[in-house]
Amino acid sequence: MTAVIDADPAPFALDPARSALVVIDMQRDFLEPGGFGESLGNDVSLLASAIGPCGAVLAGARAAGMMVIHTREGHRADLSDAPPAKVERGPPGQRIGDPGPMGRILIRGEAGHDIIDALAPLPGEPVIDKPGKGAFYATELEPMLRHRGIEALFVAGVTTEVCVHTTVREANDRGFRCLVIADACASYFPEFHAMALRMISAQGGIFGWVSDSARVAAALHQEGKAA
Ligand code: C5J
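*Asks:* Just to check I follow, could you spell out the site of the ligand for this structure?
*Replies:* As a structural note, the neighbourhood of the ligand is formed by D25, F30, F36, E73, K133, V158, T159, V162 and C163. Side-chain polar atom of D25 to a nitrogen atom of the ligand: 2.7 Å apart, as the coordinates give it. Here an oxygen atom of the ligand and a side-chain polar atom of K133 are 2.8 Å apart. Most atoms of the ligand, that is more than half of them, are within 2 Å of grid points of the largest pocket. Here the shell around the ligand is built from residues that sort into 5 nonpolar, 1 polar and 3 charged.

Here it is as structure tokens:
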């Protein structure tokens, strides 16, 4: 069965059985005070707008029987997978691996590394732990998608111009068609969010397609009813 979602620069056709929703890095470290995002001087409240739309597309994807994947950016406790060039950035004392109110910053297993409660993965939904900005770099994401015959990705999460964009670029080069859900993404810099989305759909959709949670949820709802 094929659904069609109204999108820019053109309608996006998909088979839900061959599509996956990838929710990028909706972690406490980026969305809550005291984590990695705030340590870099950002106002983390700016990311809250993506939570409701992410919840809506998660519900729609689950009802339509789509594969759902969550990602988390973070590092091993011994920092052996963290390039020194990454760790050295940010203010001393508030860098990756330093102690913070939610545990060590951006370290796997710490409270800050968790996905926020409102968007907690359901049992059986894969969670990809990634050391980089892109979800394909040094992870098992690509074989996971190939084994399930996935060819299209819905992408949501934070931040639009960093981990969402990097993942979409990686996916596009690997031949996956990507639909970015604009209001289910957010940035500490609203102007970067807007430009990042434009960069995706410009030039005939050079990196992919852009839609919003209402249009995606409506199309998936139809699918859910038909399934
Ligand atoms: C950042 C991310 N912004 N998840 N990570 O460092 O976008």
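*Asks:* Looking at this structure, I do not really get the packing of aromatic side chains. What am I missing?
*Replies:* Any aromatic ring pair is given by two values, namely how distant the centres are and how the planes are angled relative to each other. This structure, assessed with the given rule, holds 5 aromatic pairs. With a centroid separation of 5.9 Å and 35° between ring planes, the pair formed by F136 and F176 is classed as tilted. Placement of the pair is F136 in the loop between β7 (127-130) and α5 (141-147) and F176 in the loop between α6 (160-173) and β9 (177-186), with a sequence separation of 40 residues. A single burial state applies to F136 and to F176, both of which are buried. Ring-pair connections join several aromatic residues into one group, and the members of that group are F12, F154 and W209. Positioned above the aromatic ring of F12 is the side chain of R177, whose terminal nitrogen or guanidinium carbon lies 4.6 Å from the ring centre. Sitting above the plane of the W209 ring, R177 keeps its charged end 5.6 Å from the centroid.

*Asks:* Explain the pattern of salt bridges here, please?
*Replies:* Think of it this way: side chains of opposite charge can pair up when their charged atoms draw near. Under the counting rule described, the total for this entry stands at 12 salt bridges. A salt bridge links R62 to E125; its shortest N-O distance comes to 2.7 Å. Taken together, the residues span a long stretch of sequence, with R62 in helix α3 (residues 51-63) and E125 in the loop between β6 (103-104) and β7 at a distance of 63 residues. Between R215 and D212 there is a salt bridge; the shortest N-O distance is 3.0 Å. Assessed through its relative accessible area of 27%, R215 is described here as partly exposed.

*Asks:* In this structure, what is going on with the layout of surface pockets? I would like to understand it.
*Replies:* Unfilled space is identified by rolling a water-sized probe across the atoms. Taken as a whole, the largest pocket holds about 310 Å³ of empty space. The set of elements that each furnish at least two residues to the lining of the largest pocket consists of α2 (36-39) and α6. Per element, the largest residue contribution to the lining of the largest pocket is 3 residues, and it comes from α6.

*Asks:* How do you make sense of the sheet that holds strand β4 (residues 67-73) when you look at a structure like this?
*Replies:* One key point about sheets: their strands pair by backbone hydrogen bonds, in either a parallel or an antiparallel sense. Ordered in space as β7-β4-β3-β8-β9-β10, the 6 strands form an open sheet in which the pairing is parallel. Each edge of the sheet is formed by a strand with only one pairing partner; in this case those strands are β7 and β10 (209-211). Neighbour to neighbour, the strand axes of the sheet diverge by 25° on average, direction disregarded. Strand direction decides the pairing type here: β9 and β10, joined by 3 bridges, are parallel. Among the inter-strand pairings, I181 is bridged to a residue of β10, identified as S211. On the sheet, α6 packs against β3 (19-24), β4, β7, β8 (152-158) and β9 and is oriented at approximately 165° with respect to β8.

*Asks:* Hey, could you run me through the environment of P92 in this one?
*Replies:* Structurally, P92 is set in the loop between α4 (84-87) and β5 (99-100). According to the relative accessible area criterion, P92 is exposed, its value standing at 66%. When the C-alpha positions of P92 and R215 are compared, they lie 44 Å apart, and in sequence the two are 123 residues distant.

Each value, and the rule that gives it
Residues numbered from 1 in each chain as written. Predicted model: local features only at pLDDT ≥ 70, side-chain atom pairs only at ≥ 80, totals over all residues. Heavy atoms only, no water. Near = heavy atom within 4 Å. Polar contact = N/O pair within 3.5 Å; in protein donor to acceptor, adjacent residues only side chain to side chain. 1 Å grid on protein atoms, 1.4 Å probe; cavity = no way out; pocket = protein on both sides within 12 Å on 5 of 7 lines; lining within 4 Å. Sits in = over half its atoms within 2 Å of the grid points. Nonpolar A, V, L, I, M, F, W, Y, C, P; charged D, E, K, R; others polar. Phe/Tyr/Trp six-rings, centres within 6.5 Å; stacked < 30°, edge-to-face > 60°. Helix = DSSP H or I, 4+ residues; strand = E, 2+ residues; numbered from the N terminus. Buried < 20%, exposed > 50% of the residue type's maximum accessible area, 1.4 Å probe, protein only. Lys NZ or Arg CZ within 6 Å of the ring centre and 35° of its normal. Salt bridge = Lys/Arg side-chain N within 4 Å of Asp/Glu carboxyl O. Points joined across faces, edges and corners; volume = space filled by probe spheres on them. Pairing = 2+ DSSP bridges. Axes fitted to C-alpha atoms, helices over the stretch in contact; angles between N-to-C directions. Contact = heavy atoms within 4.5 Å.

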